[in-house]
Amino acid sequence: SCLAYAFITMFLCLFLMRFMSWKFAFISSVYFTFFICGIQCVVGSGGNPLILALALFILFLSFVIRYEMRNKWIILLSAMFLAAVLLTHINIFVPSAYIFAPAFLIYLFLNKENKKSNWSRYSWFLVAFLAISMPYLCNVDFSIITPYVVEWIRGWINQSHAWHGTAANFIWTIPIYIARSLGLTY
């Protein structure tokens, strides 16, 4: 459990060093880990695998940004990191896929510098990711999803974790939701 928080600090620092000096990256990552209530509240709820999955996803992003899938070992390691996110906690993997996959595909289509070799590298990445994840994906038991379970999950989310806004008031309710979840200092 403690290593999950050490990893999120280290991997976030590694990611941020791509965009700022190591001093600011270190201060920001320590601040994020220890002073954001959304991260620290997970300790008491038993959601430490969620933090570990978030750390692994940050590692995956920093690895892809830094090395850009240049060779087969980078492709394999990147696929392993993303598979580790999926296998650790699906609540990080699914939202990340919804957010980053469409943005990444749009970037690939609009980037004029992309060549066929880039597409083949990303295809190999997808194949490696699926191969690593396949034992898990083949053993998912969908029979446990009953109407009772779905309603229980829906009630739990709506009472404790859900954004309670609408499309008409999202401009102010989403910042309030984020501030309540992560703390005003975020």
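To keep things clear, this report deals only with the structure shown in the data block. (Residues numbered from 1 in each chain as written. Predicted model: local features only at pLDDT ≥ 70, side-chain atom pairs only at ≥ 80, totals over all residues. Heavy atoms only, no water.)

Attention now goes to the side chain of S62. Tracing the backbone through its elements, the reader meets S62 in helix α4 (residues 48-67). Among residues more than four places away in sequence, those in contact with S62 are L14 and F15. (Helix = DSSP H or I, 4+ residues; strand = E, 2+ residues; numbered from the N terminus. Contact = heavy atoms within 4.5 Å.)

Considered as a void within the structure, the second largest pocket measures approximately 1,000 Å³ in volume. Along its surface, the second largest pocket is lined by 30 residues, and F60, V64, F104, L108 and Y122 are the ones closest to its centre. Within the lining of the second largest pocket, the residues separate by chemical class into 21 nonpolar, 5 polar and 4 charged. (1 Å grid on protein atoms, 1.4 Å probe; cavity = no way out; pocket = protein on both sides within 12 Å on 5 of 7 lines; lining within 4 Å. Points joined across faces, edges and corners; volume = space filled by probe spheres on them. Nonpolar A, V, L, I, M, F, W, Y, C, P; charged D, E, K, R; others polar.)

This brings us to the packing of α4 against helix α5 (residues 72-88). α5 packs onto α4 with a crossing angle of 160° between their chain directions and a minimal axis gap of 8 Å. With respect to each other, α4 and α5 are oriented roughly antiparallel. For the pair α4 and α5, the sense of crossing is left-handed. Of the residues in α5, those in contact with P49, L52, A53, L56, F57, L59, F60, F63, V64 and Y67 of α4 are I74, L77, S78, F81, L82, A84, V85 and T88. A per-class count over the contact of α4 with α5 returns 16 nonpolar, 2 polar and no charged. (Axes fitted to C-alpha atoms, helices over the stretch in contact; angles between N-to-C directions. Parallel < 35°, antiparallel > 145°, perpendicular 65-115°, else oblique. Left-handed = near helix turned anticlockwise from the far one by under 90°.)

Let us now look at the packing of aromatic side chains. Taken as a whole and judged by the stated rule, the model has 9 aromatic pairs. Centroid distance F57 to F60: 5.9 Å. Interplanar angle 35°. Geometry classified as tilted. Linking F57 with F60, this pair stays in helix α4, spanning 3 residues, or about one helical turn. Summarising the burial analysis for this pair, F57 and F60 share the class buried. (Phe/Tyr/Trp six-rings, centres within 6.5 Å; stacked < 30°, edge-to-face > 60°. Buried < 20%, exposed > 50% of the residue type's maximum accessible area, 1.4 Å probe, protein only.)

Right, let's get into the nonpolar core. By size, the foremost hydrophobic cluster in this structure holds 40 residues, and its most contacted members are I51, F57, F60, L82, V85, F125 and F129. Listed by contribution, the elements that provide at least two residues to this core are α1 (2-16), α2 (22-35), α3 (37-45), α4, α5, α6 (90-110) and α7 (116-138). The element contributing the most residues to this core is α4, with 11 residues. (Core = buried A, V, L, I, M, F, W, Y, C linked by side-chain atoms within 4.5 Å.)

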